[in-house]
Amino acid sequence: MTPDSEAALAEAVAGAKGPLRIQGGGTRPIGQAEGEVLSTAGLSGIELYEPGALTLVVRAGTPVAVIEAALAKENQRLPFDPMDHRALLGTKGEPTIGGVVATNASGPRRIQAGACRDSLIGVRYVDGQGAVIKNGGRVMKNVTGYDLVKLLAGSYGTLGVLTEVGFKVLPGIEATATLVLNGLDVTRAVDAMSKALGSPFEISAAAHFPETGQTTLRLEGFEASVTYRMAQLRALLDGFGDMEELHGDASRDLWTATRDVTHFAGAQGDLWRISVKPSDAPDVVKHLPDGARLSLDWGGGMIWVVAPKGADIRAALGGIAGHATCLRGSAPTFHPEPAPVAAISRGLREKFDPRGILNTGLMG
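Below or above, wherever it landed, is the structure these notes cover. (Residues numbered from 1 in each chain as written. Predicted model: local features only at pLDDT ≥ 70, side-chain atom pairs only at ≥ 80, totals over all residues. Heavy atoms only, no water.)

## Here we look at helix α8 (residues 186–197)
Quick reminder: α-helices carry 3.6 residues per turn. Residues three or four places apart thus point the same way.
And step 1. Under the 1.5 Å per step criterion, the end-to-end length of α8 is 16 Å for 12 residues, consistent within 8% with the ideal 16 Å.
And step 2. All of the buried residues along α8 are V186, A189, V190, A192, M193 and A196. One side of α8 holds all its buried residues, which, seen down the axis, span an arc of 160°.
And step 3. Along its buried surface, α8 packs onto β10 (175–182), β11 (203–209), β12 (214–221), α9 (223–236), α11 (281–286) and β15 (293–297).
And step 4. N-cap assignment for α8: the residue whose side-chain oxygen lies 3.3 Å from the backbone N of T187 is D185. (Helix = DSSP H or I, 4+ residues; strand = E, 2+ residues; numbered from the N terminus. Expected span 1.5 Å × (residues − 1). Buried < 20%, exposed > 50% of the residue type's maximum accessible area, 1.4 Å probe, protein only. Arc of directions from axis to C-beta. Contact = heavy atoms within 4.5 Å. Polar contact = N/O pair within 3.5 Å; in protein donor to acceptor, adjacent residues only side chain to side chain.)

The following block contains the structure:
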């Protein structure tokens, strides 16, 4: 089913006789959702864009590329650098903004600008009974109900089917440069990234690639500022060995590839995403199974892992606070929640979707 209006989508949900599998562009098929496909791809278009107010409202099925093109014309951007999963997951189609919000898909800039949910100012969605609900606002001064807006982000379609989303946007970036540190192991790389992120030099992304031994730190802003901060950052990290710089397109291309994890495109094995405190990353890495491939983003706070099939990656966390999401493999998709949190999650799903038809089975 591909409704072309919010009313038609609400009617489809209200009349559903069984589970519905919610889908946008079909580029992020994460989890084991069951049922008939209900696509939001027919709900496309920019509803409101006010560059002067830094606000954008779009229908959920709007392709991300369309949004980015419209923003680029006004030298503006989505703050959170939305990830494109196609290379990593081997999928086709066009990523939609509803899929971005439903998965809270956020790129390397999350460490500076926050996640997708932090840029949301309003949503419209259809709950599990077919009721249309609005929350938040279309401009910053009218925003209310922030908590519910944030709750929908990252709910993977289990609480409602998004039909419209509103964002605060930011001005474009004049210049970008990347400092590359060569030859560091994971522990030294995390130390370097933490030192850089704790500095006043406004690092907008920090990643490490054990397979190449490269640690990358991004600077963005006005040209003169980037030049000054690069010199200061080099001096700060002088004790971490060999350095080189990337500027302009070379820097942008590196971070697009980092955002989309293209270095693991086509890799065989189970695919995992681990979230921990950056300082805990070296301990987690030490306990990963033999043969695992990995890279670190968000200063070490997110670890991408390609593991041998069937490997118990959650065991690598041991007593470390964090969670591991299985994007591809036989393990349950989401990390088991502590009993009190699981009870709250169940209660929320029962309120939003009392018939239990939206992405049934995805959350376990």
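Here the narrative resumes, following the displayed structure.
## Overview of the layout of surface pockets
And step 1. Quantified by volume, the second largest pocket comes out at close to 570 Å³.
And step 2. Forming the walls of the second largest pocket are 21 residues, and the residues nearest its centre are R77, D81, R109, I173 and R252.
And step 3. Contributions of two or more residues to the lining of the second largest pocket are made by α2 (64–73), β5 (76–77), β10, β12 and α10 (249–260).
And step 4. The greatest single-element share of the lining of the second largest pocket, amounting to 4 residues, is contributed by α10.
And step 5. Looking at side-chain class alone, the lining of the second largest pocket contains 7 nonpolar, 5 polar and 9 charged residues. (1 Å grid on protein atoms, 1.4 Å probe; cavity = no way out; pocket = protein on both sides within 12 Å on 5 of 7 lines; lining within 4 Å. Points joined across faces, edges and corners; volume = space filled by probe spheres on them. Nonpolar A, V, L, I, M, F, W, Y, C, P; charged D, E, K, R; others polar.)

## Examining the pattern of salt bridges
And step 1. Overall, the coordinates contain 12 salt bridges when judged by the stated rule.
And step 2. When the shortest N-O distance is used, the salt bridge between R86 and E94 registers 3.8 Å.
And step 3. E211 is the salt-bridge partner of R293, the closest N and O atoms lying 2.6 Å from each other. Placement of the pair is R293 in strand β15 and E211 in the loop between β11 and β12, with a sequence separation of 82 residues.
And step 4. Beyond isolated ion pairs, a larger network of salt bridges with shared partners links D81, R109, R218, E220, R259 and D260. (Salt bridge = Lys/Arg side-chain N within 4 Å of Asp/Glu carboxyl O.)

## Digging into the side chain of Q76
And step 1. In this structure, Q76 sits in strand β5.
And step 2. A distance of 3.0 Å separates the side chain of Q76 from the backbone oxygen of P51, its partner in a polar contact.
And step 3. Aside from chain neighbours lying at most four places away, what touches Q76 is Y49, P51, L54, L71, V169, L170, P171 and G172.

## What about the environment of V284?
And step 1. Mapping V284 onto the fold places it in helix α11.
And step 2. V284 has contacts with I274, V276, I303, A316, L317 and I320, leaving out every residue within four places of it along the chain.

## Brief notes about the pairing of strand β3 (residues 46–50)
And step 1. Bridging between β3 and strand β4 (residues 55–59) involves 4 bridges; their strand directions are antiparallel. Across the sheet, the residue bridging to I46 is V58, located in β4.
And step 2. Between β3 and β4, which pair antiparallel one after the other, the connecting turn spans 4 residues, and L54 there sits at a positive phi close to 55°. (Pairing = 2+ DSSP bridges.)

## As for the nonpolar core
And step 1. L181, L217, L233, L237, I274, I303 and V305 are the most contacted members of the largest nonpolar core, which totals 41 residues.
And step 2. At 6 residues, α8 tops the list of elements feeding residues into this core.
And step 3. Leave out the neighbours within four places in its chain, and L181 touches A192, G213, Q214, T215, L217, L237, F240, D242 and M243.
And step 4. With 26 residues, the next largest nonpolar core counts V58, A60, L159 and V169 among its residues. (Core = buried A, V, L, I, M, F, W, Y, C linked by side-chain atoms within 4.5 Å.)

## What about the sheet that holds strand β7 (residues 132–136)?
And step 1. Here we have 5 strands laid out as an open sheet, ordered β3-β4-β8-β6-β7, and antiparallel in their pairing. Sheet topology places β3 and β7 at the edges, where each strand pairs with a single neighbour. Strand-to-strand, the axes of this sheet are offset by a mean angle of 10°, without reference to chain direction.
And step 2. Both strand β6 (residues 120–126) and β7 contribute to a ladder of 5 bridges, which runs antiparallel. Following the sheet pairing, V126 is matched in β7 by V132.
And step 3. On top of the sheet, helix α1 (residues 6–14) reaches β4, β6, β7 and β8 (161–168); it is set at about 55° to β6, its chief contact. (Axes fitted to C-alpha atoms, helices over the stretch in contact; angles between N-to-C directions.)

Keep in mind these numbers describe shape, not what the thing actually does.
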